[in-house]
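As a plain string of letters, each chain reads:
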Amino acid sequence: MRKLIVKLFVLAVVVLALLAGAIAWVVQTPIGMRHEQVDFTISPGSSMRSAAREIAAAGAELQPWILILLGKWMRVDTSIKAGSYEITRGITPLELLNKLTRGDVTQSELVFIEGWTFRQMRARLDAHPDLRHDTAGLPEAEVMRLIGAPESTAEGLFFPDTYFFAKRSSDVDLLTRAYRAMQHHLLREWQARAADLPYANAYQALTMASIIEKETGHPDDRPLVAGVFVNRLRQGMLLQTDPTVIYGLGESFDGNLRKRDLLADTPYNTYTRPGLPPTPIALPGLASLRAALHPPATEALYFVARGDGSSHFSPTLDEHNRAVRRFQKGGKP
């Protein structure tokens, strides 16, 4: 009897060793793939079974039961992370499971550029192949509602930056992040603003920052451009800034700003209307926000482009006119 028990014990050990070896071989053997690289997306709330089927359907020659049993054995079958993944030849089931539980998702990126309008932003969003385009064709007010913003006009309310995201993410999520980033920067700069600025609220400061962004060809000029416009607002002078006129012309602008355009009244024509325009005209960067809210003390009321990207600043109209003749009309000061 004792010999039988010993034999059974030895047999059980051998069977378990063989089974463990077989399992180790299965989980360490590279997964066959129909292509060099396989991309797949795991939806939120997916089970290990549905994830395994998704991976197999994408082109990995993986038996779903392998991943399911391995997940249960490692007690991580409910720990997989949603997102977009990328695997290449040579990956094993164990490495794949670790990738899924770590949330080692692939990322794409999109850049919003300082000075872009919301229309340009949407064009870039709609053209990005790695985004899910849930806002495509929606009215602007509906887009703002989807991201939880109280404003109905979107212009200028998104922070220009590089945004990374998992492939197949919704454009709503990306816009929400960019909106919250702008709110964060704007609130911080507004709370630390200089005293006695001629803005009724932070939104007006954002509008000023967008004008500074469009008016500045050289980064070092931003503070002085801000100083000029703040001086003009304080003195009740017209801002007379071309970018607002161009924005008001919309898609009808052909690249050539004419005298008749400066005389054509629109809500954004700062040659015909006092004060700031009703909304921002572009995405301002952080440097423009800071310039708008921390303008330097200056007597300048005018500036003109020198032709090299920088500007010449003048405290009087006579000096400004001489600078215009010198830098834009080829004359002498």
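Residues numbered from 1 in each chain as written. Predicted model: local features only at pLDDT ≥ 70, side-chain atom pairs only at ≥ 80, totals over all residues. Heavy atoms only, no water.

Caption draft 1: Local environment of the environment of Arg119. As for its placement among the helices and strands, Arg119 is situated in helix α5 (residues 118-127). Spatially, the C-alpha atoms of Arg119 and Ala154 are 9.5 Å apart, while their sequence positions differ by 35 residues. (Helix = DSSP H or I, 4+ residues; strand = E, 2+ residues; numbered from the N terminus.)

Caption draft 2: Inspection of the confidence of the model for the chain at higher detail. Model confidence for the chain is summarised by a mean pLDDT of 88, while 90% of its residues fall at 70 or above. Taken together, the stretch residues 17-22 has pLDDT below 50 and engages in zero contacts with residues farther than four places along the chain or on a different chain. (pLDDT = per-residue confidence, 0-100. Contact = heavy atoms within 4.5 Å.)

Caption draft 3: Region of interest: α5. Listed in full, the buried residues belonging to α5 are Phe118, Met121, Arg122 and Leu125. Summarising the axial view, the buried residues of α5 lie within an arc of 95°, below the 170-degree limit, and thus occupy one face. Every exposed residue of α5 that faces more than 90 degrees away from the buried side is listed here: Arg119 and Ala127. Of the surrounding elements, those touching the buried residues of α5 are β5 (107-111), β6 (131-132), α6 (140-146) and α7 (171-191). (Buried < 20%, exposed > 50% of the residue type's maximum accessible area, 1.4 Å probe, protein only. Arc of directions from axis to C-beta.)

Caption draft 4: How the structure looks around the packing of α7 against helix α12 (residues 286-293). Across the interface, α7 lies against α12 with an axial gap of 10 Å and an inter-helix angle of 25°. Overall, the two elements α7 and α12 adopt an arrangement that is roughly parallel. For the crossing formed where α7 meets α12, the hand is right-handed. On α12, the residues touching Met182, His185, Leu186, Arg188, Glu189 and Trp190 of α7 are Leu286, Leu289, Arg290 and Leu293. Here the contact of α7 with α12 is composed, by residue class, of six nonpolar, one polar and three charged. (Axes fitted to C-alpha atoms, helices over the stretch in contact; angles between N-to-C directions. Parallel < 35°, antiparallel > 145°, perpendicular 65-115°, else oblique. Left-handed = near helix turned anticlockwise from the far one by under 90°. Nonpolar A, V, L, I, M, F, W, Y, C, P; charged D, E, K, R; others polar.)

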